[in-house]
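Working through the structure, step by step
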Amino acid sequence: MGGIYNMLIVLEREKLYEEIWNIKMKDLAKSYGISEVSLRKYCRQLNVPFPQSGYWTKVRNGSNPKRIALPNFDGDNKIVIQRYEYNKKTTYNKDDRLKHMEENEKNKTLDFCNNIKVSPKLYKPHQLLKETKFYSDNRDMLRDGRAKNIDLKVSNELRSRAIRLINTILNNLEALGFQIKSKDKDTRVCIGKEEVKIGLKEKLVRVEHIKTDKDSYWSPAYDYKYSGELTLFIDDYEAPRKIWRDLSNKKLEEMIGDFIITVIDTAEIIRVKKEKRAREDEVRSQQEIEKRKLKKRQEYDMKKIDELKVCAENYILSVKMEEYIRKLEKGITNIIDNEKRDKICSYIEWAREKIEWLNPINQKHDELLGKKYNDNLYDVKFQDSDDECWW
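Source: prediction; values computed, not measured.

**Digging into the packing of helix 2 (residues 25-32) against helix 3 (residues 36-45)**
For any two helices packed against each other, one specifies the inter-axial angle together with the distance between the axes. Put simply, helix 2 and helix 3 touch, their axes get as near as 9 Å, and they point 95° apart. Between helix 2 and helix 3, the interaxial angle falls into the category roughly perpendicular. Across the interface between the two elements, M25, K26, L28 and A29 of helix 2 pack against E36, L39 and R40 of helix 3. Of the residues belonging to the contact of helix 2 with helix 3, the class tally is four nonpolar, no polar and three charged.

**Brief notes about the side chain of D366**
Mapping D366 onto the fold places it in the segment after helix 9 (338-358). At 2.6 Å, the side chain of D366 forms a polar contact with the side chain of K354. Among the polar contacts made by the side chain of D366, one reaches the main-chain amide nitrogen of L369 at a distance of 2.6 Å. Excluding its chain neighbours within four sequence positions, the residues that come into contact with D366 are K354 and W357.

**A look at the pattern of salt bridges**
Within the structure shown, the criterion is met by 27 salt bridges. One salt bridge in this structure joins R245 and E229, with 2.9 Å as the shortest N-O distance. A residue pair is termed long-range when its members are at least 10 positions apart, and R245 in strand 8 (residues 243-245) and E229 in strand 7 (residues 222-234) qualify at 16 residues. Its relative accessible area of 29% is what places E229 among the partly exposed residues. Close ionic contact of K273 with E238 constitutes a salt bridge, the shortest N to O distance being 2.9 Å. Highlighted residues: K273 in helix 8 (residues 256-330) and E238 in the loop between strand 7 and strand 8, separated in sequence by 35 residues. K273 sits in the partly exposed class, given a relative accessible area of 36%.

Procedures and definitions
- Residues numbered from 1 in each chain as written.
- Predicted model: local features only at pLDDT ≥ 70, side-chain atom pairs only at ≥ 80, totals over all residues.
- Heavy atoms only, no water.
- Axes fitted to C-alpha atoms, helices over the stretch in contact; angles between N-to-C directions.
- Helix = DSSP H or I, 4+ residues; strand = E, 2+ residues; numbered from the N terminus.
- Parallel < 35°, antiparallel > 145°, perpendicular 65-115°, else oblique.
- Contact = heavy atoms within 4.5 Å.
- Nonpolar A, V, L, I, M, F, W, Y, C, P; charged D, E, K, R; others polar.
- Polar contact = N/O pair within 3.5 Å; in protein donor to acceptor, adjacent residues only side chain to side chain.
- Salt bridge = Lys/Arg side-chain N within 4 Å of Asp/Glu carboxyl O.
- Buried < 20%, exposed > 50% of the residue type's maximum accessible area, 1.4 Å probe, protein only.

Structure follows, in C-alpha cells:
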C-alpha cells in the first residue's frame, strides 16, 4: 500500500560543493530526490559554484578542467528541505496481472496469451495492414517510415518484422473479443468502454551532421538515423508498464502475450479510475447543490429578517400614529368652527383605516392600497422545490 511520508533533505555547503564537481547535476539532483532546477537554485542560495557547459565533455575526454573555488560565504552553511512525498507501489509483476477477472476467465486469458506465437512469415494480415502505406523520405527522418493508418514507424530493414509483430497483436486482440480503432497515427484497443493507445516504432538516434560543400549556413547540426531497436509501447499514463524492447535473452516476439495482458490491465485501471472520478464528481456535485441550497435558505432567512424589521418599524410607527390620532381626537371639542371640525373628524376616520392597514398585527385590507403584507408573512420554513435547478 502507498502512503504519504515526510522526507528531510539536508544540503551542506562544503559537501554539496564536492558533490557538484564530481557528479553530474542531473544524477546528483536525482539522488537527493529533487529537480535539477531546484538543485541549481539551492546552489545559488549557498553560493556554491557549479560546472558550466562543456565541463563534463572535457572530463570525458580525459582532461582535468579547473574547478571554480568555493568562495567565502557569510550565510547559513546548510539548507534543510522538508518535503512530503507519496510513496506508491510502482512494481507490476505476474501476481498483479488480470486480478480483476474471475479465476476461470483469468486462467483462460493467461493461457491464451502465453501461447501466442509470431509467425516467421506474414500470415492472414490484418485489414489495417492490408490498407497501410508507408511514408518514405530520408530527408525527413521524423516522418520517414511512418504508416499512414496505424501507429507504426520503422525502417525498410525492420519493416517486415514490425508488420508481423503488430499483425500478431491486432489479430490476437480481436480474437479475445476486443475492437481495434485506428486512424492516422492513432491506434487504440477498445476494451469495454475504455480505449488504450498502442504502437510500435524503431528508435531514432541523433548523430552529428558531417558538413559538405553543398551545405549552407542553415544546415542542421545533427542528423537522425534508425537504431535497429524496435519499441512496443502503450501510450497511456495509467499503464503499469509502457514499453517493451528486445533483451539479450528475450526478443519482442516472446513478449506479445505479456504486452496484450498489460493492455487489458491498463483498460481496467482506466475504468476503475474513471468510476472513482465519477463518484468524486458526484460527491462534489452534491456538495455544491447542498451549498447552493444552504445559500438559498440563508437568503430566505435574511429576507424574513428584513421583513421582520419592516414589520417592527411599521408597528412602532402605527402605535405612534394612533397616539397622535387620539390626541387629535381629544382636541376636537375645543374647535368652534364646524367645518374645520368635520374635516378633522374625516381625517381621523381616514387615518385610523390607514393605521389598521399599516399595523402588521391587524393587516387590514385597504380598498385603494390593497394588502400591505403577503399571506406568507409568518411562513418561516423555506420551501425547497425538488424541481428547481441548482446548477
